Amino acid sequence: MLSRIKDIAASLAPRLIEIRRHLHSHPELSGQEYQTAAYVAGVLSSCGLSIREGVGKVGVVGELAGQAKDPRLLAIRTDMDALPIQERTALEFASRQTGKMHACGHDVHTTVGLGTAMVLSQLGEALPGRVRFLFQPAEEIAQGAGWMVQDGVMDGVSGILSVHVFPSIPAGVIGIRYGALTAAADDLEITIMGESGHGARPHEAVDAIWIASQVITTLQQAISRTHNPLRPVVLTIGQITGGRAPNVIADRVHLQGTVRSLHPETSRDLPRWIEQIVASICQPYGAQYEISYRRGVPSVQNDIALTQLVERVAEAAWGREGIQIIDEPSLGAEDFSIYLQAAPGTMFRLGVGFRDRRNFPLHHPQFEVDETAIVTGVVTMAAAAYQYWQQSQPLLKAASLPA
Ligand code: NI
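Everything numeric in this text was worked out from a predicted model, so none of it was measured.

## Things to note about the pattern of salt bridges
Applying the stated criterion across every chain yields a total of 20 salt bridges. The salt bridge involving Glu371 is made with Arg20; its shortest N-O contact spans 3.0 Å. Within this pair, whereas Glu371 is found in the loop between β16 (345-353) and α9 (373-388), its partner Arg20 is found in helix α1 (residues 2-25), the two being separated by 351 residues in sequence. Arg20 matches Glu371 in its accessibility class, with the two residues each being buried. For Asp79, the salt bridge is made with Arg77, and the minimal N-O distance between the two is 3.9 Å. Each of Arg20, Arg21, Glu92, Asp107 and Glu371 takes part in a single network of salt bridges with overlapping partners.

Quick look at the structure:
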């Protein structure tokens, strides 16, 4: 079956590159992917999938029935949005939209999703089970997955696969990561409220700037003494505002930051930990505080069994040299984790790097991909999907590896 999948994908290569270039020329920002969604829906219905549009606001869901011999329903998720970046490549199919660019490869993801639908639909009766294709909007603002899940796209799903391009991995190579792939990313705001007074008479005031400086210092010191160093956590205060004049003691300081962690237990305990520290500093000096801790997306934890499935399929298709085991997770965030709250899944990295020239990073205005990676991605995804039902045991959610 693998060689059949490879043959079909190879025959589709010119069409897939055409699709990707169309998407690349017509980028749309998060939550506004109307043209992209309509285009995706058109391709999916031409392959005979049943489709639903306007799911998760602007998303598209396509379903392939297969033989339905096996009740397990597999989801394949790709994202469709572009970034507010002015493209600076010399490509003939560069963005036609001023200030918008597919600089994170979501045009490639959408193409891989569509290519996988084309390949699996050509397998016809040979496809053992049902596949649901999720084309989500608004990944870059970490909202789209939540919108999709709210609209029920994970109902009945027993496993989910996804992909993200990676320019530092060469095209033709698949990046595999067991356990934590990306971090939980939360927003933090702390307001310290003291009492104003004359700069010459500090004993009559409560100095919010001095207390805020202790809060920042203590958070940074304490985080290294109270958290397991093998479970990464980063707290960054990136913005601080307060005070009105050099000789007036400030009564109010506002701190804003981001908190990243990989291990779910660490992530769970962080709000309480931060509050204890802030309270213990404010209380002796008579300052008040307010903390707003907003949960962003959780950490992506790749399921062991499904990651093994992708690794085996990639090895069968591309040999051992076609696989790179990723030994370090990223402290970036990815809203694929929202789907993983409903079913086990895995995201693999698709190498899109050129072997013979400089590769610009994701979100760079000169980011480009080696398009030969598209067929690699489609074959890997389609073969993993096909193999999903060949596993005799139901895929239960395996315990996550510690980060
Ligand atoms: Ni991305």
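## Considering the domain arrangement of the protein chain
The figure often quoted for interface size is the accessible area lost as the parts come together. Taken domain by domain, the protein chain comprises domain 1 (2-182 + 299-400) and domain 2 (184-297). Contacts between domain 1 and domain 2 engage 14 residues on the former and eight residues on the latter. When domain 1 packs against domain 2, close to 790 Å² is buried across both sides, 73% of that on carbon and sulfur atoms. Considering only the surface of domain 1 that becomes buried against domain 2, Ser299, Leu331 and Ala333 emerge as the three largest contributors, covering 57% of it. Where domain 1 meets domain 2, there are zero salt bridges.

## Some points on the coordination of the nickel ion
Reference values for angles at a metal are 109.5 degrees in the four-donor tetrahedral case and 90 or 180 degrees in the six-donor octahedral case. Those protein atoms acting as donors to the nickel ion are Cys104 (SG), His106 (NE2) and His164 (NE2), and they sit at 2.2 to 2.3 Å. Summarised as a motif, the one-chain spacing of the donors to the nickel ion is C-x1-H-x57-H. One end of the pair, Cys104, is in the loop between β3 (70-79) and α3 (106-123); the other, His164, is in strand β5 (residues 157-170), with 60 residues separating them in the sequence. Judged by its relative accessible area of 6%, Cys104 is buried.

## Here's the deal with the packing of aromatic side chains
Applying the stated criterion across every chain, the model contains three aromatic pairs. Consider the rings of Trp210 and Tyr285, whose centres lie 4.6 Å apart with planes at 65°: the pair is edge-to-face. Within this pair, whereas Trp210 is found in helix α5 (residues 208-226), its partner Tyr285 is found in the loop between α6 (264-282) and β13 (288-294), the two being separated by 75 residues in sequence. Assessed through its relative accessible area of 40%, Trp210 is described here as partly exposed. Its relative accessible area of 37% is what places Tyr285 among the partly exposed residues. Lys57 extends its terminal NZ or CZ atom over the ring of Trp147, reaching a point 4.2 Å from the ring centre. The ring of Tyr388 has Arg72 sitting right over it, with the charged end atom 5.7 Å from the ring centre.

## With respect to the pairing of strand β1 (residues 50-55)
For β1 and strand β2 (residues 59-64), the ladder comprises five bridges, and the chain directions are antiparallel. Across the sheet, Ser50 pairs through a bridge with Glu63, a residue of β2. Hairpin connection of β1 to β2: three residues between the antiparallel strands, including Gly56 at a positive phi of 60°.

## Some remarks on the side chain of Thr110
Mapped onto the secondary structure, Thr110 falls in helix α3. Apart from residues lying up to four places away in sequence, Thr110 is in contact with Leu23, Val40, Thr78, Asp79, Met80 and Phe135.

## As for unusual backbone geometry
Unlike most non-glycine residues, Ala142 shows phi in positive territory, near 55°. Within the secondary structure, Ala142 is located in the loop between β4 (129-136) and α4 (144-150). By relative accessible area, Ala142 is classed as partly exposed at 37%. Positive phi is not limited to glycine here, since His363 has a value of about 70°. A residue is classified by how much of its surface remains accessible, and His363, at 38% relative accessible area, is partly exposed.

Conventions and cut-offs
Residues numbered from 1 in each chain as written. Predicted model: local features only at pLDDT ≥ 70, side-chain atom pairs only at ≥ 80, totals over all residues. Heavy atoms only, no water. Salt bridge = Lys/Arg side-chain N within 4 Å of Asp/Glu carboxyl O. Helix = DSSP H or I, 4+ residues; strand = E, 2+ residues; numbered from the N terminus. Buried < 20%, exposed > 50% of the residue type's maximum accessible area, 1.4 Å probe, protein only. Domains from an automatic or database assignment. Contact = heavy atoms within 4.5 Å. Buried area = accessible area lost by both parts, 1.4 Å probe. Donors = N, O, S within 2.8 Å, 3.2 Å for Na, K, Ca; no water. Phe/Tyr/Trp six-rings, centres within 6.5 Å; stacked < 30°, edge-to-face > 60°. Lys NZ or Arg CZ within 6 Å of the ring centre and 35° of its normal. Pairing = 2+ DSSP bridges.

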